[in-house]
Amino acid sequence: MTTLNLHTGAGALRAALKADGIAPWDERLALVPTMGYLHEGHQALIRHAAEKCSRVVVSIFVNPLQFAPNEDLDKYPRDLEHDKTACSAVGATDIFFPSVAELTPPDLRVTVDPGDMGAVLCGKSRPTHFRGVCTICTKLFNIVQPSLAVFGWKDAQQQIILRKLVKDLNIPITIDGVEIVREPSGIARSSRNTYLAPDEYRQAAFLSQGLFHARNMAVRGKTAAAKDLVTAVIDTITKNTAGVIDYVECVSVKDLSPLTKIEFGETMIAAAVKFGSTRLIDNVRF
Ligand code: AMP
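Now for a look at the structure at hand.

Scoring rules and cut-offs
Residues numbered from 1 in each chain as written. Predicted model: local features only at pLDDT ≥ 70, side-chain atom pairs only at ≥ 80, totals over all residues. Heavy atoms only, no water. Helix = DSSP H or I, 4+ residues; strand = E, 2+ residues; numbered from the N terminus. Rg over C-alpha atoms; globule rule 2.2 N^0.38 Å. Buried < 20%, exposed > 50% of the residue type's maximum accessible area, 1.4 Å probe, protein only. Contact = heavy atoms within 4.5 Å. Areas by Shrake-Rupley, 256 points an atom, 1.4 Å probe, with all protein chains shown as cover. Lys, Arg positive; Asp, Glu negative; His and termini not counted. Charge placed at Lys NZ, Arg CZ, Asp CG, Glu CD. Pairing = 2+ DSSP bridges. Axes fitted to C-alpha atoms, helices over the stretch in contact; angles between N-to-C directions.

1. Details of the overall build of the protein chain
Alright, step 1. The secondary structure content of the protein chain amounts to nine helices and nine strands.
Alright, step 2. Relative to the 2.2 N^0.38 estimate, which gives 19 Å for 286 residues, the radius of gyration of the protein chain is 19 Å and therefore close to what a compact globule would have.
Alright, step 3. For the protein chain, buried positions account for 55% of its 286 residues.
Alright, step 4. Long-range contacts, defined as pairs at least 24 residues apart, comprise 72% of the intrachain contacts of the protein chain with a sequence gap of at least 6.
Alright, step 5. Here the protein chain displays about 13000 Å² of accessible surface, and carbon together with sulfur accounts for 54% of that area.
Alright, step 6. Here the protein chain contributes 32 positively and 31 negatively charged side chains, and the mean placements of these two sets differ by 3 Å.

Written as structure tokens, this is what we have:
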């Protein structure tokens, strides 16, 4: 267990880091951005950050800019006391817990545009989502000023866009990606799994099963055609569940461009499926 400092304002966080001799973009400082309600997936990111840096700030902010008006902003689960325990168990040193008013004041007018990468995959059904992610992550990067930021491959599109963001906007941060942490059923750990009714949870396991099946087909040389892999995922889901598929696509893990033929080391099959009212995302990369 590490001792944990809680900061509710940007000024207080920067002052505390300065008082401890941590300079802007200090190589000892890492940031793990989250929306809280932390689980083993988030903890894997924090552990990774703590292996590389002695000071690990976990930000907890349910970002209203990345939710559309019809989405689950109000019911998104929150539990700061649980999050404090989860953070200190795996080596975080600081929690940054800003208010909605501080990060998204009513007079906020300038936002960060993710470009064409924000319009594909999840961006098709959530057209304002990645602008919200890019805007808040840029603010977090500039407030915390870490040398390392850690993201999960669970949200692969987000991570790929943010890698491009720090490069294109000359933000001096390295981004590390941590592999998806899964439940024994294969389902990717997610705060949103708590919304699933037992039967929806059972059905949701076919999302990862379909993706694993497609990856096996590719790795075993059964096909190199992206459309065959996409069909295999869709078949697994439609034959076993009542889930409504948003998309299943085979894209480049470098820049999200569509692939017709798999390239080992560069391929991602990504999917989003709604089980009941809960939309889950998942992916495999190979
Ligand atoms: P969230 O709190 O859902 O915004 O997620 C915060 C960070 O944790 C993001 O970088 C996610 O990709 C990452 N994350 C969430 N769930 C998992 C998981 N099951 N495995 C790995 N990383 C995850």
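2. Overview of the sheet that holds strand β8 (residues 267-275)
Alright, step 1. Here we have three strands laid out as an open sheet, ordered β7-β8-β9, and antiparallel in their pairing. Sheet topology places β7 (244-252) and β9 (278-285) at the edges, where each strand pairs with a single neighbour. Direction aside, neighbouring strands of the sheet carry axes that sit 15° apart on average.
Alright, step 2. Bridging between β7 and β8 involves eight bridges; their strand directions are antiparallel. When the bridges of β8 are listed, Val244 appears paired with Lys274.
Alright, step 3. Together, β8 and β9 form the strand contacts of helix α8 (residues 198-219), whose direction differs from that of β9 by roughly 20°.

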